[in-house]
Amino acid sequence: MAEGERVRERERPPISENPYESVIRQRKALAERNMNGPVVVRGEDREWFQARQGKLRFYLDPVTYKDTPLQQWRVFIHDIKTRSGKHVHQGGLVIYVLEGKGYSIVDGERKDWEKGDLILLPMRPGGVEHQHFNLNPGTPAIWAAFINIPIQEFLASDLQQAENSPDFKEG
Ligand SMILES: [Fe+2]
């Protein structure tokens with residue numbers, strides 16, 4: 001670098017902080033995560049937790065895991081002990097059954113599934129009420145959900161809990 005350039009570099013006033021600069025930093029961080037973030041998210045690095053909806057393990061979730069690429073996905077597995085909570089949100093997502101046999105009540109209709117099946121939550125005005133059941137309690141019934149968050153946002157999806165899982169203890 002020439003001497004003149006070095007002087008100019010030193011004399012340049014700091015760029016003042018404003019929303020545009022924040023966006024530039026946010027875009028850089030996003031690109032950085034996609035370049036260098038983990039390509040494999042290991043199950044052992046993710047905690048199981050008991051939620052109102054059931055026993056869950058989140059792999060991707062932009063609210064909790066900000067260091068991964070693909071911040072627009074929520075991917076989690078659900079271990080259905082007996083039955084999940086019941087809730088309502090918009091569909092447009094898929095659920096792949098990893099283990100066991102069970103069924104889901106989707107807007108009042110029973111839909112049976114087993115290992116290897118793909119469950120689709122359809123898009124309906126006002127969303128879809130659903131609850132999941134293990135047909136053989138004591139034998140694992142586990143599925144993985146893949147939720148594209150922009151789809152949920154564009155559909156103005158709400159999330160309303162109608163009933164808690166019996167495994168959830170308040171407080
Ligand atoms: Fe759901």
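Participant: Mind laying out the packing of aromatic side chains, listing which residues take part and the relevant values?
Facilitator: Scanning the model with the defined rule gives four aromatic pairs in all. When the ring of Phe-49 is compared with that of Phe-58, the centres are 5.2 Å apart and the planes differ by 65°; the resulting orientation is edge-to-face. The partly exposed category is assigned to Phe-49, whose relative accessible area is 33%. You can call Phe-58 buried: its relative accessible area is 16%. Following the ring pairs from residue to residue traces out a cluster consisting of Phe-49, Phe-58, Phe-76 and Trp-143. Geometry around Tyr-65 places Arg-46 over its ring, the cationic atom sitting 3.5 Å from the centre. Positioned over the ring face of Tyr-103 is Arg-110, at 3.9 Å from the centre of the ring.

Participant: Help me get a handle on the coordination of the iron ion, residues and values and all.
Facilitator: Of the protein atoms, only His-87 (NE2), His-89 (NE2) and His-130 (NE2) coordinate the iron ion, at distances of 2.1 to 2.2 Å. Expressed as a motif, the donor residue spacing for the iron ion is H-x1-H-x40-H. Judged by relative accessible area, His-87 falls into the buried class, the value being 10%.

Participant: Requested: an account of a nonpolar patch on the surface, with residues and values cited.
Facilitator: On the surface, Tyr-96, Leu-98, Leu-118, Leu-120 and Phe-146 cluster together into a nonpolar patch covering about 450 Å² of accessible area. Here Leu-120 shows up in strand β8 (residues 118-121). Among the residues examined, Leu-120 registers a relative accessible area of 56% and is labelled exposed.

What counts as what
- Residues numbered from 1 in each chain as written.
- Predicted model: local features only at pLDDT ≥ 70, side-chain atom pairs only at ≥ 80, totals over all residues.
- Heavy atoms only, no water.
- Phe/Tyr/Trp six-rings, centres within 6.5 Å; stacked < 30°, edge-to-face > 60°.
- Buried < 20%, exposed > 50% of the residue type's maximum accessible area, 1.4 Å probe, protein only.
- Lys NZ or Arg CZ within 6 Å of the ring centre and 35° of its normal.
- Donors = N, O, S within 2.8 Å, 3.2 Å for Na, K, Ca; no water.
- Patch = residues over 30% accessible without salt bridge, like charges linked within 9 Å, V, L, I, M, F, W, Y side chains within 5 Å.
- Areas by Shrake-Rupley, 256 points an atom, 1.4 Å probe, with all protein chains shown as cover.
- Salt bridge = Lys/Arg side-chain N within 4 Å of Asp/Glu carboxyl O.
- Helix = DSSP H or I, 4+ residues; strand = E, 2+ residues; numbered from the N terminus.

Read these as layout, nothing more, since geometry by itself doesn't imply function.
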